[in-house]
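So you can see what is in the structure, the chains are spelled out below.
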Amino acid sequence: MGEAADIQGTGPSPARRWLRRTITVAVGAPLLAGLLQAPTAAPAAAAEEGAVSKTVDVSLDTLSPSAPVEGDTVTVSGTVTNRGKKTITDATVDLRVGPMMTSRSEIDQVSGRTGYRSDSDPATLDEAPSVEIPRLGAGLSADFSLSIPVSELGLDESGVYQLGVSLTGQTSDQRYDRVLGIERTFLPYQPEATEKKTQLTYLWPLISSSHVSAETATDDQQTPVFEDDALAAELRPGGRLEQMVSLGKDLPVTWVIDPDLLATVDAMANGYRVKDGTVHVPGKNKAVAEQWLNALETAVQGHKVVALPFADPDLASLAHRGKDVPGSLGHLQSATSLAATTVETVLHVQPSTDFAWPVEGAVDPSIVAVATSAGANKVIARSDSVRDDLPYTPTAARPLGNGSTTAVVSDKLLSTAFEGDMVRTENSTLAVQEFLAQSLAITLEQPEQQRSVVVAPQRVPSVSQAQTMATALRGLSARRWTTPIDLPAAAAAKPDPDASTTVPSGSRYPKQLRDRELTVQTFRDMKTTRDELDDFKVVLTVPDRVVVPFGNAINREMSTSWRGQARAAAVYRNDVLQYLQDLSEGIQLVDKSDLTLSGRSATIPVTVQNKLLQGVDDLVLRLTSSNKSRLELNGERYAELPVKINAGHSQSVKFPVSANVNGQVPMTAQLYTVDGTPYGQPMTFNVKVSEITATVMLVIAGGVLLLVLAGVRMYSQRKRVAARKAETEAEGAEESGAEAEEAEASTGTEPGPAPGPAPEDVEGDEPEQPSDPTPDTGSESGDPSGPGEKVDR
């Protein structure tokens, strides 16, 4: 009879039957309460009813189609599990369809209910099929599948309907039928396209955490060094980022991209290295990166791309904790200027760079001021931050504050619809149905007015969350009540005159978000690194080889991805600073031993060493005497000389000094940049002055004079001895001649030479002495001076 009546169209619809039963209960309840004289029995019964109805867990795994039209057949399938300790018998799984819902808040309330309520849940569909489960033991499960034509659901008009699946049965201790479990979802029903469709903007974020260190290889390409190779798992087929690209390419979405992610994957595709303890090993996922970049470049063609500032800086942390640290806002400006260049270089598309996206769309005056300080004049906020006291959902765009900034207010319920665990099929199914229901409810709030709604989901969706988001967007593909537009178009939409334009005060900023912000120390560490980088780069002949990787690393230090990872963030910052200091120490003064200065003037050499792979210039070496009256440099207390050293070389800088008084003088050598900023650590050593005084010089001069006089006397004596010897030889020759003549006369022979007498020593004369030997004056040793060395003069 039921089927006949249904065919003939004479039977009442389920919605009308539910309404009649509700009216009957409402009218009869006071009479029944008066008869029983138990006014508190109803709440107690409802509480007991709700507890009992949680005995069985009803899981809805599929609902197809998600948004049916006339002629469709709706199929619901899932699993029932007995969570109680008693065996369930004579059970049936039934469908329940409630009346059309009238507001978004009602949908939200129903989605939060647990347990069966006879006063609010609709009755079962009498004509609908059911699944019988004769016996279900404790802890056991059973599958079910229910199919019913849309025409038998009693959907009187377009709207959102509650759809419930319940299990009714008995237990061994209570032998009567009662609802032991129920699950609710929603059925959006809009068979015909609405005249005014809601313009829907869905953001599709491509954001990841930081993986690149500040280190680079020593080759000409400066091959980047990664902290780890974990990003490859997200890029591989089935990985999170691979799924975001493969799903998003066929969806009407606006891509919101962190340029740091593009730069990182591009670096992988061109060859990279990975830290492995104290060494760097070649990265092994070059092909994976190339494949992902090619797929992304294809996917974004024809879509709008919004580029966040490089490394997705945490705007709220910067506004609340970093803006008072000098230079912090400059990091945001550099990150913003780098965004467009990176996206254009890697993806060959021109992105929009005038959007700022604070964490979860939470804003206050300081966040808005910081967000717009780098040129972004549009802020993606959220409706639970910029609240509208209206009975309908207004258009997302509206002027904010003084009107120079446009707030694009995303819808909170739609934006958070796919958070949580979407791995379970049930959770995914329920999330999709609620998203579709809420979107239809927005359109039906003011069907004569077209409005623009923006959905800004979680920044880093998981694989299952991304898949669920894609399923929901496919559910809107028929475009019966929504039509897609991109984010720039949504920002340019005509604002609703009744929408709020007030920026919420700082006291309304959510505490749970504030507690996870980056610390003040984060921005202080960034300033320290930036200051040391500024001092270092001015002395380099090729500064870009250092400025670019370290500038990017500093931007990564204030990334939103560090929220909730304070320890890991601190380790990253420390590694960046330590590596910069190691590089800057490659230009250093070579330690010098104490010197001895024996004379009035000399030169003191100081050696500067460059261990870097590039030359250094614009350095000045200053040598300072701690006692000018004892030892001075060019008549002053200190002297400066320029320093210029090629890569891998050293330079010896020589300072002329003058000594005045004996004693020990501490000396300090310090490098400076050309602007007078100290560079590196100073080096100290001592110079011992042993000056030659006037008295000593007089004594030495007297000694030299005595030596000269002695030499003159010796020369005179030798000359007199020689003269006397010559005179004696002459006299002996004459006597020999006379004797020879006498002998010749007596013998008749010629006279011969006769040996002369030996010269006699003259009293007072000294014997002849040989000359002093030539002193050994070998070349000066080139070895380093030892302790107590004398300086070159």
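Please read these numbers as outputs of a predicted model, since none were measured by experiment.

Engineer: I'm lost on the overall build of the protein in this one. Help?
Structural biologist: In terms of regular secondary structure, the protein is built from 20 helices and 30 strands. For the protein, the proportion of contacts with a sequence separation of at least 24, taken over those separated by at least 6, is 78%. Within the structure as shown, the protein displays about 39200 Å² of accessible surface, and the carbon and sulfur contribution to it stands at 51%.

Engineer: Mind showing me how you'd approach the pairing of strand S28 (residues 663–673) here?
Structural biologist: Bridge analysis of strand S24 (residues 616–625) against S28 gives 7 bridges, and the strand direction is antiparallel. Within S28, the position partnered with Val620 by the bridge is Tyr672. With 9 bridges connecting them, S28 and strand S29 (residues 678–689) associate as antiparallel partners. Looking at S29, one finds that Leu671 is bridged to Tyr679. Linking S28 back to S29 in an antiparallel pair, the connection comprises 4 residues, with Gly676 at a positive phi of about 90 degrees.

Engineer: Looking at this structure, I do not really get the side chain of Ser415. What am I missing?
Structural biologist: By secondary structure assignment, the location of Ser415 is in helix H12 (residues 412–415). Only 3.0 Å separates the side chain of Ser415 from the backbone nitrogen of Ala456, close enough to count as a polar contact. When sequence neighbours within four positions are dropped, the list of residues in contact with Ser415 reads Arg382, Ser410, Val454, Val455, Ala456, Pro457 and Gln458.

Engineer: Is there a simple way to explain the packing of helix H10 (residues 328–347) against helix H18 (residues 544–557) in this structure?
Structural biologist: Between two packed helices, what matters for the description is the angle formed by their axes and the separation of those axes. Two elements in contact, H10 and H18, have axes separated by 10 Å at closest approach and are oriented at 110 degrees. As far as their axial angle goes, H18 and H10 are roughly perpendicular. Remark: the crossing between H10 and H18 carries left-handed chirality. Packed against H10, whose contacting residues are His331, Ser334, Ala335 and Leu338, the element H18 presents Asn552, Ile554 and Asn555 at the interface. Split into classes, the residues belonging to the contact of H10 with H18 amount to 3 nonpolar, 4 polar and no charged.

Engineer: Would you mind showing me how to read the sheet that holds strand S27 (residues 650–659) here?
Structural biologist: One key point about sheets: their strands pair by backbone hydrogen bonds, in either a parallel or an antiparallel sense. If you walk across this open sheet you meet the 4 strands as S21-S23-S27-S25, and the pairing is antiparallel. Pairing within the sheet leaves two strands with one partner each, and these edge strands are strand S21 (587–589) and strand S25 (631–632). Of the strand pairs in this sheet, S25 and S27 are connected by 2 bridges, and their pairing is antiparallel. Bridge pairing in S27 places Glu632 opposite Ser658.

Engineer: So what exactly am I meant to see when it comes to helix H8 (residues 286–299) here?
Structural biologist: Residues lying three or four places apart along an α-helix face the same way, a consequence of the helix completing one turn every 3.6 residues. Counted at 1.5 Å a residue, the expected span for H8 with its 14 residues is 20 Å, and the 20 Å between its end C-alpha atoms agrees. Buried within H8 we find Val288, Ala289, Trp292, Leu293, Leu296 and Ala299. Projected down its long axis, H8 shows its buried positions confined to an angular sector of 125 degrees, all on one face. Structural note: H8 exposes Ala287, Gln291 and Thr298 on the side pointing more than 90 degrees away from its buried face. Against the buried residues of H8 lie strand S8 (198–206), helix H5 (231–235), helix H6 (240–248), strand S11 (254–257), helix H7 (259–269) and H10.

Engineer: Could you clarify how one ought to interpret unusual backbone geometry in this entry?
Structural biologist: Leave glycine aside and you will find that most residues have negative phi; peptide bonds, for their part, are mostly trans. Of note, the bond from Ser64 into Pro65 is cis; its omega dihedral lies within 30 degrees of zero at -10 degrees. Here Pro65 lies in the loop between strand S1 (56–64) and strand S2 (73–82). Phi is positive for Asp90, close to 50 degrees, though the residue is something other than glycine. Tracing the chain through its elements places Asp90 in strand S3 (residues 88–101).

Engineer: When you look at helix H11 (residues 365–373) in this model, what are you seeing that I'm missing?
Structural biologist: Buried within H11 we find Ser366, Ile367, Val368, Val370 and Ala371. Contact partners of the buried residues in H11: helix H9 (315–322), H10, strand S15 (355–356), strand S16 (378–382), strand S17 (397–400) and strand S18 (405–410). Looking one or two residues past H11, Gly375 carries a phi angle of roughly 110 degrees, positive in sign.

Engineer: I'm lost on the sheet that holds S3 in this one. Help?
Structural biologist: Reading across from one edge, S4-S3-S6-S7 is the order of the 4 strands in this open sheet, with antiparallel pairing throughout. Because the sheet does not close on itself, it has two edges, and the strands there are strand S4 (131–136) and strand S7 (174–189). In this sheet, neighbouring strand axes are inclined to one another by 25 degrees on average, regardless of whether the strands run parallel or antiparallel. As defined by bridge partners, S3 adjoins strand S6 (residues 159–171) across 10 bridges and the pair is classed as antiparallel. Across the sheet, the residue bridging to Val97 is Leu163, located in S6. Seen against the sheet, helix H4 (residues 104–111) touches S3, S6 and S7 and runs at an angle of roughly 140 degrees to S7.

Engineer: Mind showing me how you'd approach the packing of aromatic side chains here?
Structural biologist: Aromatic ring pairs: the centre-centre distance and the angle between the two ring planes describe each pair. This model, assessed by the stated rule, comprises 6 aromatic pairs. Seen in terms of ring centroids, Tyr202 and Phe435 are 6.2 Å apart; in terms of plane orientation they differ by 65 degrees. Their pairing is edge-to-face. Of this pair, Tyr202 sits in strand S8 while Phe435 is found in helix H13 (residues 425–445), placing the two residues 233 residues apart along the sequence. Assigned by exposure class, Tyr202 and Phe435 land together as buried. Ring geometry for Phe550 and Tyr579: centres 5.7 Å apart, planes at 20 degrees, overall stacked. Of this pair, Phe550 sits in helix H18 while Tyr579 is found in helix H19 (residues 566–584), placing the two residues 29 residues apart along the sequence. The pair Phe550 / Tyr579 is uniform in exposure class, with both members buried. Through a chain of ring-to-ring contacts, the aromatic side chains of Tyr202, Trp204, Phe418 and Phe435 assemble into a single cluster. The aromatic ring of Phe355 is capped on one face by Lys378, whose charged end is 5.6 Å from the ring centroid.

Engineer: Sorry if this is basic, but what is going on with the pattern of salt bridges here?
Structural biologist: Side chains that differ in sign of charge can pair as their charged atoms come close. For the structure shown, the criterion picks out 26 salt bridges. With its nearest N and O atoms 2.8 Å apart, the salt bridge here joins Asp411 to Arg104. Of this pair, Asp411 sits in the loop between S18 and H12 while Arg104 sits in helix H4, and the two are 307 residues apart along the sequence. The residues Asp411 and Arg104 share a single accessibility class, namely buried. Linking Lys511 and Asp515 is a salt bridge whose minimum nitrogen-to-oxygen distance equals 2.8 Å. The residues Lys511 and Asp515 share a single accessibility class, namely exposed. Taken together, the shared-partner salt bridges connect Asp314, Arg321, Glu517 and Arg563 into one network.

Engineer: Before we go on, may I ask you to explain the environment of Gly322 in this structure?
Structural biologist: Looking at where Gly322 falls in the secondary structure, it is placed in helix H9. Sequence spacing of Gly322 and Thr522 is 200 residues, and the spatial spacing of their C-alpha atoms is 8.1 Å.

Engineer: For this particular structure, what's the right way to read the side chain of Thr201?
Structural biologist: Within the element layout of this structure, Thr201 appears in strand S8. Thr201 sits in the buried class, given a relative accessible area of 0%. A polar side-chain atom of Thr201 sits 3.1 Å from the main-chain carbonyl oxygen of Ile485. Setting aside residues up to four positions removed in sequence, Thr201 forms contacts with Thr254, Val453, Val454, Val455, Ile485, Asp486, Leu487 and Ala490.

Rules and cut-offs
- Residues numbered from 1 in each chain as written.
- Predicted model: local features only at pLDDT ≥ 70, side-chain atom pairs only at ≥ 80, totals over all residues.
- Heavy atoms only, no water.
- Helix = DSSP H or I, 4+ residues; strand = E, 2+ residues; numbered from the N terminus.
- Contact = heavy atoms within 4.5 Å.
- Areas by Shrake-Rupley, 256 points an atom, 1.4 Å probe, with all protein chains shown as cover.
- Pairing = 2+ DSSP bridges.
- Polar contact = N/O pair within 3.5 Å; in protein donor to acceptor, adjacent residues only side chain to side chain.
- Axes fitted to C-alpha atoms, helices over the stretch in contact; angles between N-to-C directions.
- Parallel < 35°, antiparallel > 145°, perpendicular 65-115°, else oblique.
- Left-handed = near helix turned anticlockwise from the far one by under 90°.
- Nonpolar A, V, L, I, M, F, W, Y, C, P; charged D, E, K, R; others polar.
- Expected span 1.5 Å × (residues − 1).
- Buried < 20%, exposed > 50% of the residue type's maximum accessible area, 1.4 Å probe, protein only.
- Arc of directions from axis to C-beta.
- Phe/Tyr/Trp six-rings, centres within 6.5 Å; stacked < 30°, edge-to-face > 60°.
- Lys NZ or Arg CZ within 6 Å of the ring centre and 35° of its normal.
- Salt bridge = Lys/Arg side-chain N within 4 Å of Asp/Glu carboxyl O.

Remember that the coordinates give geometry; whether it matters functionally is a separate question.
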